Amino acid sequence: MKVSFTMMTVGLCSRPCLSFAPTILSSMTRQYGIASTRLFADVAATEEATKASAPPPPPIKKKIRTRRILSGVQPTGSLHLGNYLGAIKQWVEFQNTGKFASAENLDGEEFKEEEEKSDVEVINENFFCVVDLHAITVPQDPSELEESTLASAALYIAAGIDPTKSKVFVQSHVSAHAELAWLLNCATPMNWLERMIQYKDKAKKASGTESVGVGLFTYPILMAADILLYQADRVPVGEDQRQHLELARDIVRRFNGEYCKGGPYKKRCKKAGIPSFPAFTEPEAMIVKAGGARVMSLVDGTSKMSKSDPADGSRINVLDPPKVIRDKIKRCKTDSLPGVEWDNPDRPEATNLLNIYLAVQPDRTKEDILEEVKDMKWGDFKPVLAEAVVAHLEPIQKRYAEVRADEEYLRGVLKEGADAADEIAQRTLKAAKVAMGFSIPK
């Protein structure tokens, strides 16, 4: 049979008239194909059923990366519009979105967030403090300092800082700030501080160095201690603090290079039961702007709005009543040129007032506002600006009154914030002491 089959095959090839053979073969092929299809279908169905019944693969365990932000404002006097728009409002935005609307690095370039990896989960930890230790670099009235401190903390909350998302505390309630500042004082060359412009300016205003305290000279080191205690990898500050951030970064490099290298350092760390990483994280500066620009004085468009300015009419305080706000804006300095114009270097007051108008209306654009004010005179624009500022501050003032009236709640928030801050700060302080060779209590 095997031979005859072979022959039949040969015959089919040489005698095409015998067409039945291909028909039979074709039929056989179809039958085989149908059987094969059914077989493969059954196998595929079995595989699908197996996949469906199999347990799902375990989720990929993501690495946790903590991104910590620290910032603060002095409690001297009443917080003004510049403090609010340039700092607190930006903190609230970061707390709620994880980013700042307008920020740049120390080189003046736009600040860009790192691209997040799929296997890394980023957790933000926000610490906002009332920096009362900084306040005493100039004389303070002891009967007013406590109230100013509590009022500032209440304003943080009224402006939108949520104690369930961010920690609010008073700087002096965490003793590690003062202690680390002393350690860094002893590790920082004096000539680094002599370069600080703010010290020179403030000493000049105070009629010379004989009338100012040493704290005014060394407070940039206290600021560095504030930052370094929390291992903050990014620090939002105003333009005027740029030089101090650069100093903090220099201190980190010097301290880590001098005390945190080599076998002896690793032995000290092992003895103390801590990791032998460098003691401090080098912070990255985020120069944050209020609505894209600084808020300037109402009496001088070339000077920033300041709590230390003796002229109260130079600033709008966040807690100013509506009538006071309207009167200050009505009397604020403008020029004699026609119209309201933005970004003309010869008209700084015009630019400042327009920047404020934009900042208190975050849902509007610069182009939209220019279209609105293009035909206005100062007498037309000032009342419009005043009403926009009043409307923006009104809910903050109402919430502030509620928070400040509940002192038990406010002090509870500050206690919780200080406890959380102290836990982190003490770890860093211990690492710095180990690095410098201090005896650590058991």
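Quick caveat: nothing in here was measured; it's all calculated off a predicted structure.

Calculation notes
Residues numbered from 1 in each chain as written. Predicted model: local features only at pLDDT ≥ 70, side-chain atom pairs only at ≥ 80, totals over all residues. Heavy atoms only, no water. Helix = DSSP H or I, 4+ residues; strand = E, 2+ residues; numbered from the N terminus. Contact = heavy atoms within 4.5 Å. Areas by Shrake-Rupley, 256 points an atom, 1.4 Å probe, with all protein chains shown as cover. Expected span 1.5 Å × (residues − 1). Bend = angle between axes of the 7 residues up to and from the residue. pLDDT = per-residue confidence, 0-100. 1 Å grid on protein atoms, 1.4 Å probe; cavity = no way out; pocket = protein on both sides within 12 Å on 5 of 7 lines; lining within 4 Å. Points joined across faces, edges and corners; volume = space filled by probe spheres on them. Pairing = 2+ DSSP bridges. Phe/Tyr/Trp six-rings, centres within 6.5 Å; stacked < 30°, edge-to-face > 60°. Buried < 20%, exposed > 50% of the residue type's maximum accessible area, 1.4 Å probe, protein only.

1. A few points about the overall build of the protein chain
If you tally the helices and strands in the protein chain, you get 16 helices and six strands. For the protein chain, long-range pairs separated by at least 24 residues make up 76% of all intrachain contacts whose partners lie at least 6 apart in sequence. Of the roughly 24,400 Å² of accessible surface on the protein chain, a fraction of 56% belongs to carbon and sulfur atoms.

2. Examining helix α15 (residues 378-405)
Taking 1.5 Å per residue, 28 residues should reach 40 Å; α15 reaches 39 Å between its end C-alpha atoms and fits that length. L393 marks the point of greatest bend in α15, at about 35°, and the proline P395 comes within the next four residues.

3. A look at the confidence of the model for the protein chain
Caution applies to low-pLDDT parts of the model: their predicted coordinates are not meant to be read in detail. A residue-level look at the protein chain finds 80% of positions with pLDDT of 70 or above and a mean pLDDT of 83. Considering each helix and strand of the protein chain separately, the mean pLDDT is smallest for helix α1 (residues 2-14), with a value of 35, and largest for helix α6 (residues 176-185), with 98. Ignoring residues within four places in sequence, the model shows residues 1-41, a span with pLDDT below 50, making four contacts including any to other chains.

4. Some points on the layout of surface pockets
Taken as a whole, the second largest pocket holds about 360 Å³ of empty space. In this structure, the second largest pocket is lined by 13 residues; those nearest its centre are Q231, P275, R427, T428 and A431. Per element, the largest residue contribution to the lining of the second largest pocket is five residues, and it comes from helix α16 (residues 407-436).

5. Brief notes about the environment of A181
On the secondary structure map, A181 appears in helix α6. As for A181 and P220, which are separated by 39 residues in sequence, their C-alpha atoms are 9.3 Å apart. Each residue touching A181, except ones within four places of it in the same chain, is listed here: I221, L222 and A225.

6. Brief notes about the pairing of strand β3 (residues 120-130)
Bridge count for strand β1 (residues 63-73) against β3 is eleven bridges, and the pairing is parallel. In the strand pairing of β3, L70 is matched with F127. Both β3 and strand β4 (residues 166-170) contribute to a ladder of five bridges, which runs parallel. Residue pairing for β4: F128 is matched across the bridge by V168.

7. Observations concerning the packing of aromatic side chains
In the structure shown here, the tally under the stated rule is nine aromatic pairs. Between W91 and F128, the ring centres sit 4.7 Å apart and the planes meet at 5°, which makes this aromatic pair stacked. Pair noted here: W91 is in helix α3 (residues 81-97) and F128 is in strand β3, with a separation of 37 residues, a long-range link. Pair check on accessibility: W91 and F128 agree, each one buried. Judged by centre distance (6.4 Å) and plane angle (75°), the rings of F127 and F169 are edge-to-face. Taken together, the positions of F127 in strand β3 and F169 in strand β4 put the pair 42 residues apart, joining distant regions of the chain. Pair check on accessibility: F127 and F169 agree, each one buried.

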